[in-house]
Amino acid sequence: MKYKITISFLLLFLVMHHAKSQRVEQSIPEKTRILFLFDASGSMLAPWGNELRIDAAKRVLTDLVDSLKVNDKIELALRAYGHLTPSKEQNCEDTRLEIPFSPNNNDQIINRLKYIYPKGTTPIAYSLEQASKDFPRDNSYRNIIIIITDGIESCDGDPCAVSLELQKKDIFLRPFVIGLGMEQEFAAEFDCMGEYYNAKNISAFQSVLNGILSQSLSKTTASVELLDQNGRPVETDVNVSFINSFTGISEFDFIHFRDKNGKPDTVEVDPVLSYDVVVNTIPPVVKRNVYLKGGTHNVINIKSPQGELKISQENTSEYDKDVQVLVKLSNQPEIINTQPIRASEKYLIGKYDLEILTLPKIKFNNVEIKQGITKNIDIPAPGRINISYGSKGIGSLYSIDEEGRQTWIKKLDLNGSNLSFGIQPGTYKYVYRSERAMGSKYTQIKEFKVNSGQTLNIKIY
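Residue positions are given per chain, counted from 1 along the sequence in the order it is written. Per-residue local features are limited, in this predicted model, to residues with pLDDT of at least 70; the limit for side-chain atom pairs, both in listing and counting, is 80 or more; totals at the level of whole chains, interfaces and linings are taken over all residues. Values reported for side chains reflect all heavy atoms of the structure, with hydrogen atoms and water molecules removed beforehand.

**Q** Can you tell me about the overall build of the chain, naming the residues and giving the values?
**A** A run of DSSP states H or I qualifies as a helix once it reaches four residues; a run of E qualifies as a strand once it reaches two. Both are numbered from the N-terminal end. In terms of helices and strands, the chain carries 7 helices and 29 strands. Here the C-alpha radius of gyration of the chain, 34 Å, is well above what a compact globule of 461 residues would show, namely 23 Å. In this scheme, a residue with accessible area under 20% of its type's maximum is buried, one over 50% is exposed, and one in between is partly exposed, where area comes from a 1.4 Å probe on protein chains only. Looking at the chain residue by residue over its 461 residues, the buried ones come to 47%. Partitioning the intrachain contacts of the chain with sequence separation of at least 6 by distance along the chain shows that 67% fall at a separation of at least 24. A total accessible area of about 24400 Å² is found for the chain, and carbon and sulfur atoms account for 49% of it. Positive charge is attributed to Lys and Arg, negative charge to Asp and Glu, and no charge count is given to His or to the chain ends. By convention, charge coordinates are those of NZ in Lys, CZ in Arg, CG in Asp, or CD in Glu. For the chain, the distance from the average site of its 55 positive side-chain charges to the average site of its 56 negative ones is 8 Å. Radius of gyration here is computed from C-alpha atoms only, and the compact-globule reference equals 2.2 Å multiplied by the residue count raised to the power 0.38. Only heavy atoms matter for contacts: two residues are in contact if any of them lie within 4.5 Å across the pair. Reported accessibility uses the Shrake-Rupley method at a 1.4 Å probe radius. Residues are deemed covered only where the shown protein chains occlude them.

**Q** Account for the state of the cysteines, naming residues and giving values.
**A** Here, a disulfide means two cysteine sulfur atoms that sit within 2.5 Å of each other. The full count for this structure, using the stated rule, is 2 disulfides. Put simply, Cys 92 and Cys 155 are joined by a disulfide, and their sulfur atoms are 2.2 Å apart. Taking the sign of the S-S torsion, -90° for the link of Cys 92 and Cys 155, the bridge is left-handed. You can see Cys 92 sitting in the loop between strand S4 (74-81) and strand S5 (95-102) and its partner Cys 155 sitting in the loop between strand S6 (141-149) and helix H5 (159-168), a full 63 residues away along the chain. Residue Cys 160 pairs covalently with Cys 192 via a disulfide, S to S 1.7 Å.

**Q** So what's going on with the packing of aromatic side chains? Which residues, and what values?
**A** Only centres within 6.5 Å qualify two rings of Phe, Tyr or Trp (six-membered ring in Trp) as a pair; their planes then separate them into stacked at under 30 degrees, edge-to-face at over 60, and tilted for everything else. Counted according to the given criterion, the structure contains 12 aromatic pairs. Their ring planes at 85° and their centres at 5.4 Å tell us that Phe 242 and Tyr 275 sit as a pair that is edge-to-face. Here Tyr 275 lies in strand S13 (residues 274-279) and Phe 242 lies in strand S10 (residues 239-244), a separation of 33 residues in the sequence. Looking at Tyr 275, the relative accessible area reads 0%, which means it is buried. Here the aromatic rings of Phe 252 and Phe 254 are separated by 6.1 Å at their centres, their planes lie at 10°, and the arrangement is stacked. Both residues of the pair, Phe 252 and Phe 254, count as buried. Ring pairs connect the aromatic residues Phe 242, Phe 252, Phe 254 and Tyr 275, which therefore count as one cluster. Any Lys NZ or Arg CZ found within 6 Å of a ring centre and within 35 degrees of that ring's normal is scored as a charge over the ring. Directly above the aromatic system of Phe 101 lies the positively charged group of Arg 33, at a separation of 5.8 Å from the ring centroid. Lying across the ring of Tyr 141, Arg 33 places its NZ or CZ 3.7 Å from the centre.

**Q** Mind laying out the sheet that holds strand S9 (residues 221-227), listing which residues take part and the relevant values?
**A** With mixed pairing, 3 strands are arranged side by side in an open sheet as S12-S9-S15. Two strands close off the open sheet at either side, each with one partner strand: strand S12 (267-268) and strand S15 (297-303). Each pair of strands is called paired provided DSSP finds at least two bridges between the two strands. As paired elements, S9 and S12 share 2 bridges and run antiparallel to each other. Paired with Thr 221 across the bridge in S12 is Glu 268.

**Q** Before we move on, can you summarise the nonpolar core with the specific residues and values?
**A** Definition used in this section: a nonpolar core is a set of buried Ala, Val, Leu, Ile, Met, Phe, Trp, Tyr and Cys residues joined via side-chain atoms within 4.5 Å. Counting 95 residues, the largest nonpolar core has Ile 146, Ile 178, Phe 205 and Phe 242 as the members making the most contacts within it. With 7 residues, the single largest contributor to this core is helix H2 (residues 53-67). Excluding residues that lie within four positions of it along the chain, Ile 146 makes contacts with Ile 34, Leu 35, Phe 36, Leu 37, Phe 176, Ile 178, Leu 209, Ile 212 and Leu 213. Among the nonpolar cores identified, the runner-up in size contains 23 residues, and Ala 77, Phe 101, Val 177 and Met 182 belong to it.

**Q** Kindly report on unusual backbone geometry, identifying the contributing residues and their values.
**A** Along the chain, Ile 282 connects to Pro 283 via a cis peptide bond; the corresponding omega equals -10°. Structurally, the position occupied by Pro 283 is in the loop between S13 and strand S14 (285-291). Between Leu 359 and Pro 360 the backbone carries a cis peptide bond, its omega angle lying at -10°. Of note, Pro 360 is situated in the loop between strand S20 (350-356) and strand S21 (362-369). Residue Arg 342 is not a glycine yet carries a positive backbone phi of 70°. Among the residues examined, Arg 342 registers a relative accessible area of 49% and is labelled partly exposed. For Asn 366, which is not glycine, the phi torsion reads 55° and is therefore positive. Mapped onto the fold, Asn 366 is located in strand S21.

**Q** An account of helix H7 (residues 202-217) is requested, with residue identities and associated values reported.
**A** In an α-helix, one turn spans 3.6 residues; hence positions three or four apart end up facing the same way. Here H7 is 16 residues long and its end C-alpha atoms lie 23 Å apart, about the 22 Å a rise of 1.5 Å per residue gives. Looking only at H7, the buried set comprises Ile 202, Phe 205, Val 208, Leu 209, Ile 212, Leu 213, Gln 215 and Ser 216. The buried residues of H7 occupy one face: seen down the axis, they fall within an arc of 165°. The N-terminus of H7 is capped by Asn 201, whose side-chain oxygen sits 3.3 Å from the backbone nitrogen of Ser 203. The span expected for a helix works out to 1.5 Å for each residue beyond the first. Taking the helix axis as origin, the arc is that swept by the directions to the C-beta atoms. Here a polar contact means two N or O atoms within 3.5 Å. Within protein one must be a hydrogen donor candidate and the other an acceptor candidate, and residues neighboring in sequence count only if both atoms are side-chain atoms.

**Q** Quick rundown of the sheet that holds strand S16 (residues 306-312)? Include the residues and the values.
**A** With respect to topology, 3 strands assemble into an open sheet ordered S19-S16-S22, the strand pairing being mixed. This sheet does not close on itself; its edge strands, each paired only once, are strand S19 (344-348) and strand S22 (374-378). Strand after strand, the sheet turns through a mean of 25° between neighbouring axes, direction not considered. Here S16 pairs with S22 via 5 bridges, running parallel. In the strand pairing of S22, Glu 308 is matched with Thr 374. Axis definition: a line fit to C-alpha positions, over the contact stretch in the case of helices; interaxial angles, taken between N-to-C directions, run 0 to 180 degrees.

What follows is the structure, given as structure tokens:
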């Protein structure tokens, strides 16, 4: 009986451990907070269709807020600007949170909209700064801001800089900006703030608002197809990062996975943002400004064909530390990876320059990595040199090539009583002068040869 109980507890522990290891670590909050930042500056009194711009905006926004009553996963708030003081006063702090976030406050927002009347200027940057205080700090909510305006910043503020800074602080996601009947040339003023929509007429305004809600609130998924050079979806087991293309901050990181049928897994991502999708191969592949369609499944195809590189060497223990290989793209100065010797590493197909940090260094240029193939490079096993000397001194070690030309490779640290290190097979010479020698003419020079696996004892007097 005791044996059975022990087995039962063990099985329970394994099941719980497996369940914990399968926990979803990255998810999108189920609840959303939406702040409407509403322009009530004097220009909103301009005609728009058969009514004033302010009346059309209120009416459309009222209908939208009313329709959201049935959604218990949304909280709303209303902030207005340009409605407190006349424009002649140029009040660049003319903004107020009219209705704060709370459950079921839709009617409060609708009623408050009735009493907002255009008066003043357009302090968009300052209003955005103040809006950052409107969102309660709660990680169980996503924070979205929708800016409804008919004009650009008029208070010398920098809405783009403010928006970027607040997004970096994770105050809210990339804002939606709706321009009401604005000229197309003003689009550049808002593109740097967030996602800009130009509503040319009232019907377009309604459509844009509904589209933003659909994009923001509908469940959205994506899968990344890593393609080989022939466009076949076969690559996998690579870290894929979804980088916020506006802030440069990573929003999601996944290790790419394919099931037994070769299908990539599906992940939930936030469609409010645009992404630079980075496939962290060596070197990485980046697909920039990827926009996802909300409420549906998105397939992102990225070519990332890979092969492998393996550098082999026997007797690496002759070196005092692990030998590393510096890898660069051919004819490029930047080191893109440091690979341990005797290890295998995947690289994008292409040509690479290798610098193997043996003594002396070994270089291979234009090494070609082909798709699905392991490129093997075997280098000779090292030997070892033991140097003993009778007095301290100054010395250097040179390699001698087949044509007799020398290359300096190492300063000899002759401050103890002996010196020992691993070295590649080849022809060498040392140049040495004792600290007691009374001139350069007493410099000693000796040439010698090292074979793989050989230990060579050298005495310097």
